[in-house]
Amino acid sequence: MTSADLTGVDGPGQTPPIRIRFRLDRGGFVLDLDLALAGRGVTALFGPSGAGKTTCLRAIAGLERVPGGFLEVNREVWQDDSRGIFRPTHRRALGYVFQEASLFPHLSVRKNLEYGRRRRAVAPPVDFDHLIDLVAVGPLLERRPETLSGGERQRVAIARALLAGPRLLLLDEPLASLDRARKDEILPFLERLHRELEIPVVYVSHAVDEVVRLADHLVLLAEGRVAASGPLTETLARLDLPEEFADEAGLVIEGTVGASDPTYGLVRLDFPGGSVQVVHSAEATGRRLRFQVKARDVSVALEKPRDTSILNLVPARVVAVAEAKGGAHVLVRLDAGGTPLVARITRLSRDRLKLAPGSEVWAQIKAVAVLA
Amino acid sequence: MGEVLQITFFTLGVALLGTLLILPPGIALGWWLARRDWPGKAVVETFVALPLVIPPVATGLILLKLFGRRGPFGYFLERTLGVEIVFTWKAVVLATAVMSFPLLVRTARVAFEEINPRFEEAACTLGAAPWDVFWTITLPLGTRGLLAGCVLAFARALGEFGATVMIAGMIPGQTITLALGIYQEVQLGRDTEALKLLAISVVLAFAAVWLSERLLRGRTK
């Protein structure tokens, strides 16, 4: 059993806002989850198809019943089969966005948006006009769902869910059925919502790029079990990730834009303990950006390399070394003046450089991806 | 001519009443079969389909035994409400209703099965209680299929013969429908009269089937 605690933002000792205990063995499909989720921010349920992500989400919504389950949201018990409690879906203050468009085909966009708003007494977390503005569906209000593009439909679906006044928003791969261009159209809206919303969001996805852009907390699911969980940056920096996530191991760091260098098309990002230069169009100084440094893009040198093409060299200290499952590589966890970094190097290199906890090294960062 | 008109309107009225009577239970059962799993479902399905497969005259005999003066329902109805069914216009309505019921249930069931359950689930997550979901989502989305089912049931009722003749008999001015009328006129050797009734039957049936097809096609568009 894995007990995952993502309650960092609420401080220790408090009851976590969302507690989930689902155990299911349905002819080979096993679900064994014991989670505590944060009261705000985006928690990503991430894992390959068949890992149990959608089942978990549907069980939270009450659309599926996991016998013997337990679920508490904001001190309201939604399910506790040991006490015979099961609150039906329509009495759970939640919003749900399905993978495929689920707009009611016989109603206009406006009627769709009003459907939930008129049925729940709770005030929505954002007001109608502001939300319409935020997801830019104003011009679509009188249209029929079948005349909308896939991206527009999902934006309306998200707005509809929020207008029902949810205290928990569940998103089931809302971008999975969309092509690249449509995804890029919606992601900024989700990011804006993320910044403005006070309610917790559970986001199911199997796409790494969505997760690192949107999530604050990460729950990795594999075969119905929690493989790892915690704040996004910490979890991705863990050295014991299962094989299927090892390639994604790395760090998401939030930094502030420093000086821009338009001549070379570079921007400096400052973060606690250092700074990096990244290829990016000029940005307003002081804006906060997320960027990702993957372990496979970080290498280490014992002395400061000279005359190298790699721009970003950061002094760091080795904190831990772990064999990655599967052989030739090891993951090295570094501390660069307070900011954690992870490097993926060969085992041979580790032995040659005699890397061990405490070694002083230079981390060479070959690539930095700006996320948002 | 007056008799022909009387028979035509009587038939239309009986078919309409029979269809309206089975509408609520037919829709309810169609939904129940499409959306829920329950023990004994297969038995109920088979039972409902019976009038489709056994000879209509046999269905009529069963009804006669149940609703006759000494039958369990017939006895009860006469004692408590003073209502007599057999060999009255009510028997005609009963026979057409029973014969049309399976058609309505089947079409209703298909109509509901074609609705993506995602829409109903979405309505639940937006705070709609089960009844609310049914009225605002399921029923509107199934309208076309249900209408087509009604027309089909109505058309079946127009042409009902076997069960009607068993339980209602052929009482001129009281239980004679188009189908019964045609049979009677031919028996009496009045072919011209029979052909008139036949022409009306063909026109009505044609109109009903055409309407039903139109509704069904509009749905799959």
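Residues numbered from 1 in each chain as written. Chains lettered and ligands numbered in written order. Predicted model: local features only at pLDDT ≥ 70, side-chain atom pairs only at ≥ 80, totals over all residues.

Topic: the overall build of chain A
1) Next: Each helix and strand counted, chain A has 9 helices and 22 strands in total.
2) Next: Relative to the 2.2 N^0.38 estimate, which gives 21 Å for 372 residues, the radius of gyration of chain A is 22 Å and therefore close to what a compact globule would have.
3) Next: Once the C-alpha set of chain A is aligned to its principal axes, its extents read approximately 65 × 50 × 35 Å.
4) Next: Burial status across chain A gives 43% buried among its 372 residues.
5) Next: Once local pairs closer than 6 in sequence are excluded, the contacts in chain A between residues at least 24 apart make up 67%. (Helix = DSSP H or I, 4+ residues; strand = E, 2+ residues; numbered from the N terminus. Rg over C-alpha atoms; globule rule 2.2 N^0.38 Å. Buried ≥ 20, exposed ≤ 12 C-beta atoms within 10 Å, placed from the backbone. Contact = placed C-beta atoms within 7 Å.)

Regarding helix α5 (residues 180-196) of chain A
Residues and elements named next belong to chain A.
1) Next: Taking 1.5 Å per residue, 17 residues should reach 24 Å; α5 reaches 25 Å between its end C-alpha atoms and fits that length.
2) Next: For α5, the complete set of buried residues consists of Lys183, Ile186, Leu190 and Leu193.
3) Next: Summarising the contacts, the buried residues of α5 are in contact with α3 (128-134), α4 (150-163) and α6 (208-214). (Expected span 1.5 Å × (residues − 1).)

Re the interface of chain A and chain B
1) Next: Facing 18 residues of chain A, the contacting portion of chain B comprises 13 residues.
2) Next: Put simply, the parts of the chain that give the side of chain A that touches chain B at least two residues each are β8 (95-97) and α2 (109-117) of chain A.
3) Next: Along the lines of polarity and charge, the residues of the side of chain A that touches chain B split into 8 nonpolar, 6 polar and 4 charged. (Nonpolar A, V, L, I, M, F, W, Y, C, P; charged D, E, K, R; others polar.)

Quick look at the sheet that holds strand β13 (residues 250-261) of chain A
Residue and element names in this part refer to chain A.
1) Next: Strand order in the open sheet formed by 5 strands is β15-β14-β13-β16-β22, and the pairing between neighbours is antiparallel. Across the chains shown, the open sheet's two edge strands, defined by having one partner strand only, are β15 (274-279) and β22 (369-370).
2) Next: Across 4 bridges, β13 lies against strand β14 (residues 266-271) in antiparallel orientation. Bridge assignment links Asp261 to a residue of β14, and that residue is Leu266. (Pairing = 2+ DSSP bridges.)

Description of the packing of helix α2 (residues 41-53) of chain B against helix α5 (residues 89-113) of chain B
Residues and elements named next belong to chain B.
1) Next: Viewed as axis vectors pointing N to C, α2 and α5 meet at an angle of 120°, and their least axial separation amounts to 8 Å. The orientation of α2 relative to α5 falls into the category oblique. Considering only the axes of α2 and α5, their crossing is left-handed. Contacts from Val48, Ala49, Pro51 and Leu52 in α2 reach Val98, Met99, Phe101, Pro102 and Val105 in α5. (Axes fitted to C-alpha atoms, helices over the stretch in contact; angles between N-to-C directions. Parallel < 35°, antiparallel > 145°, perpendicular 65-115°, else oblique. Left-handed = near helix turned anticlockwise from the far one by under 90°.)

Some words on the pairing of β15(A)
All names here are of chain A.
1) Next: On β15, burial follows the alternation: Gly274, Val276 and Val278 on one face are buried, whereas Ser275, Gln277 and Val279 on the facing-out side are not.
2) Next: When β14 meets β15, the two strands line up antiparallel, connected through 6 bridges. From the neighbouring strand, Arg268 faces β15, where its bridge partner is Gln277.
3) Next: The antiparallel pairing of β14 with β15 creates a hairpin that spans 2 residues between the two strands, and Gly273 there sits at a positive phi of about 95°.

Quick look at unusual backbone geometry
All names here are of chain A.
1) Next: In this structure, Asn74 takes a positive phi of about 50° despite not being glycine.
2) Next: By secondary structure assignment, the location of Asn74 is in the loop between β5 (70-73) and β6 (76-80).
3) Next: Classification of Asn74 as partly exposed rests on a count of 14 C-beta atoms within 10 Å.
4) Next: One non-glycine residue, Glu223, lies in positive phi territory at about 50°.
5) Next: With respect to the helices and strands, Glu223 occurs in the loop between β11 (217-222) and β12 (225-231).

Looking at the sheet that holds strand β18 (residues 312-323) of chain A
Each strand in a sheet pairs with its neighbour through backbone hydrogen bonds, running either in the same direction (parallel) or in the opposite one (antiparallel).
Residues and elements named next belong to chain A.
1) Next: With antiparallel pairing, 5 strands are arranged side by side in an open sheet as β17-β21-β18-β19-β20. Each of the sheet's edge strands pairs with one partner strand only, and the pair in question is β17 (298-301) and β20 (339-346). Each strand axis lies, on average, 45° off the axis of its neighbour in the sheet, ignoring direction.
2) Next: Here 8 bridges tie strand β19 (residues 329-336) to β20, and the two strands are oriented antiparallel to one another. Among the inter-strand pairings, Val332 is bridged to a residue of β20, identified as Ala343.

Overview of the confidence of the model for chain B
1) Next: In this model, chain B carries a mean pLDDT of 91, and residues with pLDDT of at least 70 account for 98%.
2) Next: This prediction of the complex comes with two scores: 0.78 for pTM and 0.81 for ipTM. (pLDDT = per-residue confidence, 0-100.)

Examining the domain arrangement of chain A
Many structure descriptions define interface size as the accessible area lost when the parts assemble.
All names here are of chain A.
1) Next: Looking at chain A, the domain boundaries give domain 1 (4-236) and domain 2 (250-370).
2) Next: A C-alpha centroid distance of 33 Å is found between domain 1 and domain 2.
3) Next: Elements with a minimum of two residues in the side of domain 1 that touches domain 2: α6 and α7 (232-236). (Domains from an automatic or database assignment.)

Considering the packing of α5(B) against helix α7 (residues 130-158) of chain B
Residue and element names in this part refer to chain B.
1) Next: Direction vectors running N to C along α5 and α7 enclose 155°, while the axes themselves pass 8 Å from each other. Compared by their axis directions, α5 and α7 come out roughly antiparallel. The element α5 and its partner α7 pack so that their crossing is right-handed. In this structure, α5 uses Thr96, Met99, Ser100, Leu103, Leu104, Thr107, Ala108, Val110, Ala111 and Phe112 to contact α7, whose residues at the interface are Thr138, Gly142, Gly145, Leu146, Ala148, Gly149, Cys150, Leu152, Ala153, Arg156 and Ala157.
2) Next: Residue composition of the contact of α5 with α7, grouped by class: 13 nonpolar, 7 polar and 1 charged.

Here we look at helix α1 (residues 2-35) of chain B
Residue and element names in this part refer to chain B.
1) Next: Between the first and last C-alpha of α1 there are 48 Å, a value that for 34 residues agrees with the 50 Å anticipated at 1.5 Å per step.
2) Next: At Leu23, α1 is deflected by roughly 40°, the largest bend along its length, and proline Pro24 occurs up to four residues later in sequence.
3) Next: Those residues of α1 that sit buried are Ile7, Thr11, Val14, Ala15, Gly18, Thr19, Ile22, Gly26, Ile27, Gly30, Trp31 and Leu33. (Bend = angle between axes of the 7 residues up to and from the residue.)

A word on the environment of B:Ala208
Residue and element names in this part refer to chain B.
1) Next: With respect to the helices and strands, the residue Ala208 is situated in helix α10 (residues 191-220).
2) Next: Among the residues examined, Ala208 registers 21 C-beta atoms within 10 Å and is labelled buried.
3) Next: Along the sequence, Ala208 and Ala148 sit 60 residues apart, while their C-alpha atoms lie 9.3 Å from each other.
4) Next: If we ignore the near neighbours within four places in the chain, the residues touching Ala208 are Val151, Phe154, Ala155 and Leu158.

Comments concerning the pairing of β13(A)
Residues and elements named next belong to chain A.
1) Next: Note that β13 and strand β16 (residues 288-294) share 7 bridges and pair antiparallel. Opposite Gly250, over in β16, you have Lys294 as the bridge partner.
2) Next: Hairpin geometry of β13 and β14 is characterised by an intervening segment of 4 residues between the two adjacent antiparallel strands and by a positive phi of about 70° at Gly265.

Quick look at the environment of A:Glu196
All names here are of chain A.
1) Next: Note that Glu196 resides in helix α5.
2) Next: Overall, the presence of 12 C-beta atoms within 10 Å leaves Glu196 in the exposed class.
3) Next: Measuring from C-alpha to C-alpha, the distance between Glu196 and Leu269 comes to 24 Å, with 73 residues separating the pair along the chain.

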